[in-house]
Amino acid sequence: MADKATVETSPHPLVEPGLWIERIGGTVFPANRPALFLDRDGTINVDTGYPDDPADIVLRDSIAPAIAAANRANIPVVVVTNQSGIARGYSGWDEFAAVNGRVLDLLRDRSAFVGMVLACAYHDAGTGLLTVANHPMRKPNPGMLIEAAKRLELDLRRSLIVGDKQADMEAGQRAGLSSGWLVDGDASEQAGFKVSPLRDREDLDGLLAAIEAL
């Protein structure tokens, strides 16, 4: 349940205590565009567990080219990330802001730009207001993708998702996407949703071709 006072006094773009939604940059995208959805930890940057120090952030090599390709095609790039470490008390939104800022800065250094960031901190093992089991915004639920689609007027069916966990792929499938790329994963297909692996340069070339074809 949202706590209006907590949200109103926060210096961060929280729409409720456990949900961060931030529009990045001023690019205006035409309605009904597909998007490139990306998980963050383990997908954009190397997963260090529960990252809370910007100095520890290292980008994975395969993602900046994909983001840059989406930028060239005027396709919105949207980060959708679970952040249960906040619910568990390992860190707070201040640490998230610092780490996320570092991720975005490193991407900009590679001419890769994100248009929106959504983060869900709710978890059933959390504390206080963040203790919520199966919150609709927490992947594998599709809430963050659907919320981004409402705010940016996206065509979800034509959108793509890249992540390092099956929960990312399930969130994409449940949001109505047709394709996903699983970092270091295996190919699969179920109920009209195709998962491709993202392991090597050939896989990256396939992702880049899919982005360019949107």
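Residues numbered from 1 in each chain as written. Predicted model: local features only at pLDDT ≥ 70, side-chain atom pairs only at ≥ 80, totals over all residues. Heavy atoms only, no water.

Caption draft 1: Fine view of the overall build of the chain. Across its full length, the chain carries seven helices and nine strands. Since a compact globule built from 214 residues should have a radius of gyration of about 17 Å, the 16 Å found for the chain is in line with a globular shape. For the C-alpha atoms alone, the extent of the chain along its principal axes is close to 45 × 35 × 35 Å. Every one of the 214 residues in the chain was classed for burial, and the buried ones make up 51%. Once local pairs closer than 6 in sequence are excluded, the contacts in the chain between residues at least 24 apart make up 65%. Summing over all exposed atoms, the chain offers an accessible surface of approximately 9,500 Å²; the carbon and sulfur share of this is 48%. Counting 21 positive and 30 negative side-chain charges, the chain places the averaged centre of each group 5 Å from the other. (Helix = DSSP H or I, 4+ residues; strand = E, 2+ residues; numbered from the N terminus. Rg over C-alpha atoms; globule rule 2.2 N^0.38 Å. Buried < 20%, exposed > 50% of the residue type's maximum accessible area, 1.4 Å probe, protein only. Contact = heavy atoms within 4.5 Å. Areas by Shrake-Rupley, 256 points an atom, 1.4 Å probe, with all protein chains shown as cover. Lys, Arg positive; Asp, Glu negative; His and termini not counted. Charge placed at Lys NZ, Arg CZ, Asp CG, Glu CD.)

Caption draft 2: Inspection of the sheet that holds strand β6 (residues 160–163) at higher detail. Within the open sheet, the nine strands sit side by side as β1-β2-β5-β4-β3-β6-β7-β9-β8. Their pairing is mixed. Either end of the sheet is taken by a strand with one partner, and the two such strands are β1 (14–16) and β8 (188–190). Within this sheet the neighbouring strands show an average axis-to-axis angle of 20°, counted without direction. Against the sheet, helix α4 (residues 93–109) touches β1, β2 (19–23), β4 (77–82) and β5 (116–120), its axis set at about 35° to β2. (Pairing = 2+ DSSP bridges. Axes fitted to C-alpha atoms, helices over the stretch in contact; angles between N-to-C directions.)

Caption draft 3: Representation of the pattern of salt bridges within the structure. Tallied over the full model, the rule gives twelve salt bridges. Between D41 and R40 there is a salt bridge, and its shortest N-O distance comes to 2.8 Å. Close ionic contact of D47 with K165 constitutes a salt bridge, the shortest N to O distance being 4.0 Å. Pair noted here: D47 is in the loop between β3 (36–38) and α2 (63–72) and K165 is in the loop between β6 and α6 (166–175), with a separation of 118 residues, a long-range link. K165 sits in the partly exposed class, given a relative accessible area of 43%. One continuous salt-bridge network, built from bridges that share partners, spans D39, K139 and D168. (Salt bridge = Lys/Arg side-chain N within 4 Å of Asp/Glu carboxyl O.)

Caption draft 4: Summary view of the packing of α2 against helix α7 (residues 201–212). Direction vectors running N to C along α2 and α7 enclose 15°, while the axes themselves pass 9 Å from each other. Between α2 and α7, the angle is such that the two are roughly parallel. Crossing handedness for the pair α2 and α7: right-handed. When α2 is examined against α7, the residues P65, A66, A69, A70 and R72 are found in contact with a partner set consisting of L204, L207, L208, I211 and E212. (Parallel < 35°, antiparallel > 145°, perpendicular 65-115°, else oblique. Left-handed = near helix turned anticlockwise from the far one by under 90°.)

Caption draft 5: Representation of the environment of V99 within the structure. Residue position: V99 is located in helix α4. By relative accessible area, V99 is classed as buried at 0%. Through-space distance from the C-alpha of V99 to that of I57 is 7.4 Å; in sequence the pair is 42 residues apart. Other than its neighbours up to four places away in sequence, V99 contacts R40, P51, D52, D53, P54 and I57.

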